[in-house]
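If you want the building blocks of each chain, they are given just below.
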Amino acid sequence: MTEEGRITRRRRIISAILRLIINIISWVIIPTILSNYISTAVPSSSFTLSTTLIYTFGAIITGLQVLSALTEGMAVSIPLVTGSYVAIAYYIYVAVDGGTLALTAAGIGVSLGFQPLLYLVVLPPLFSAIRAPLAYLAEEHEAAQPASDLI
Amino acid sequence: MKLEPSILSHSLRAVALVITLVSLVTFATVGYSVYAVASNVTNTLGGSSHTPAITAKVVVSGSVATAYLNVTLTNNGFYPIALSLDCSPPAGSGISCTNSLVRIDPGQTQTLNFAMTVENYSQYAPEGIHVDGLVQATLEPFASVNMTVDLGTLLTRGGA
């Protein structure tokens, strides 16, 4: 039985629903709350996480994740998984302005730089983007090997 | 037939786990370091400590005024801290600074000594001196904070 055959339709749908909920919370609801809080608490902050950016990337990431769950085990899920992880990394990078935040308060200009920490944040999704096709190719390579009794 | 994961799959999974663990440990230690230093500064400024963190004074000798600023900081975190204070006085203003930089290793206490000299001090109005100062605090090698302040306030507040 192939990998595709072992994954049932029920499992795919449940996985897709879970990913839909988790991704909406992670990439739409939490960033919206965070953006509202920061813009209220520090109006002069350069932290510009617009609602357009949140909803655009939220929709892209959630859509790709849900589609990858619905096509789990199929070859078509690999670019969807890779695309979603690349979108996550780019979203994080853009949201924090490349690891530099600036604000002005009481006549004092404050600029915060945390590029190395940002790289640590985007490294796991970027690695996952590479890992998905490599793991698939490795498994396909094994599946493509002739059976031992035919050699 | 169930396919056994290959060595490559195992290796990729192991690398992903290592990356996640390194990220978590780094964020936890950086967070603790920032909290430890911030709470130390807050306690010192709030009078909980016997050593004042920041002292400022102005010495006027004839027409020359010198403002001294000393910042004492203890690094209770896990990473070194670099603290620097630079100034960029306007050309021909007769103002000069001794820019200073200290690197505080974990568990150590260091003092940043800064001095700003103003020639012909009496020519300036009491609050007429404005010197841009750049305070830079770096939690090596992860994050840095740059603050732009008006060091001219030292001559009014420090002398008060």
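The structure under discussion appears in the preceding block.
Note that this is a predicted model, so its numbers are computed, not measured.

Calculation criteria
- Residues numbered from 1 in each chain as written.
- Chains lettered and ligands numbered in written order.
- Predicted model: local features only at pLDDT ≥ 70, side-chain atom pairs only at ≥ 80, totals over all residues.
- Axes fitted to C-alpha atoms, helices over the stretch in contact; angles between N-to-C directions.
- Helix = DSSP H or I, 4+ residues; strand = E, 2+ residues; numbered from the N terminus.
- Parallel < 35°, antiparallel > 145°, perpendicular 65-115°, else oblique.
- Left-handed = near helix turned anticlockwise from the far one by under 90°.
- Contact = placed C-beta atoms within 7 Å.
- Expected span 1.5 Å × (residues − 1).
- Buried ≥ 20, exposed ≤ 12 C-beta atoms within 10 Å, placed from the backbone.
- Pairing = 2+ DSSP bridges.
- Core = buried A, V, L, I, M, F, W, Y, C linked by C-beta atoms within 7 Å.
- Nonpolar A, V, L, I, M, F, W, Y, C, P; charged D, E, K, R; others polar.

(A) Spotlight on the packing of helix α2 (residues 9-41) of chain A against helix α3 (residues 51-70) of chain A. All names here are of chain A. Running from N to C, α2 and α3 cross one another at 165°; their axes reach a closest spacing of 8 Å. Relative to α3, α2 is oriented roughly antiparallel. Viewed along their axes, α2 and α3 form a crossing whose handedness is right-handed. Residues R12, S15, A16, R19, L20, N23, I24, W27, V28, P31, T32 and S35 of α2 form the contact with α3, whose own contacting residues are I54, Y55, F57, G58, I61, T62, Q65, V66, A69 and L70.

(B) Molecular detail of α3 of chain A. Residues and elements named next belong to chain A. Given a rise of 1.5 Å per residue, 20 residues ought to cover 28 Å, and the 28 Å separating the end C-alpha atoms of α3 matches this to within 8%. Those residues of α3 that sit buried are I54, F57, G58, I61, T62, L64, Q65, V66, S68 and A69. Where the residues of α3 are buried, they touch α2 and α4 (77-95).

(C) Local environment of the sheet that holds strand β6 (residues 109-118) of chain B. Residue and element names in this part refer to chain B. Overall, antiparallel pairing links the four strands, which are arranged β1-β2-β6-β4 in an open sheet. Of all the strands in the sheet, just β1 (54-61) and β4 (95-98) have a single pairing partner and so form its edges. For this sheet the average axis-to-axis angle between neighbouring strands, irrespective of direction, equals 15°. Where strand β2 (residues 64-74) lies against β6, ten bridges are found, and the strand directions are antiparallel. Looking at the pairing, L73 lines up with Q110 of β6.

(D) Region of interest: the packing of α3 of chain A against α4 of chain A. Residues and elements named next belong to chain A. One way to put it is that α3 packs onto α4 with a least axis distance of 8 Å and a crossing angle of 155°. As summarised for this structure, α3 and α4 are arranged roughly antiparallel, according to the angle between their axes. The way α3 lies across α4 gives a crossing that is left-handed. For the pair α3 and α4, contact is made by L53, F57, I60, I61, L64, Q65, L67 and S68 and by S77, L80, V81, G83, S84, A87, I88, Y91 and V94, respectively.

(E) Structural view of the nonpolar core. Of all hydrophobic cores here, the largest spans 20 residues; its most connected members are F57, I61, A87, I88 and Y91 of chain A. When residues in this core are grouped by element, the largest group, eight residues, is from α4 of chain A. For I88 of chain A, the residues in contact, after removing those within four places along its chain, are I61 and P125 of chain A. One finds V71, L73, F142 and A143 of chain B within the second-largest nonpolar core, a separate group that totals ten residues.

(F) Representation of the interface of chain B and chain A in the model. Opposite the 23 residues of chain B that make contact, chain A presents 24 residues. Where the side of chain B that touches chain A is concerned, the elements lending two or more residues are α1 (7-45) and β8 (143-150) of chain B. The leading source of residues in the side of chain B that touches chain A is α1 of chain B, at ten residues. Among the residues forming the side of chain B that touches chain A, the class breakdown is 14 nonpolar, eight polar and one charged. Both strand β2 (residues 108-113) of chain A and β8 of chain B contribute to a ladder of five bridges, which runs antiparallel. The residue bridging L112 of chain A from the neighbouring strand is V145 of chain B, located in β8 of chain B.

(G) Representation of unusual backbone geometry. E140 of chain B connects to P141 of chain B through a cis peptide bond whose omega is -5°. In this fold, P141 of chain B is placed in the loop between β7 (132-139) and β8.

(H) Broad picture of the pairing of β6 of chain B. Relative to β6 of chain B, β4 of chain B is paired through four bridges, and the arrangement is antiparallel. Residue pairing for β6 of chain B: C97 of chain B is matched across the bridge by M116 of chain B.

(I) Examining the environment of Y124 of chain B more closely. Residues and elements named next belong to chain B. Structurally, the position occupied by Y124 is in the loop between β6 and β7. With 17 C-beta atoms counted inside 10 Å, the residue Y124 sits in the partly exposed group. For Y124, the residues in contact, after removing those within four places along its chain, are V118 and I129.

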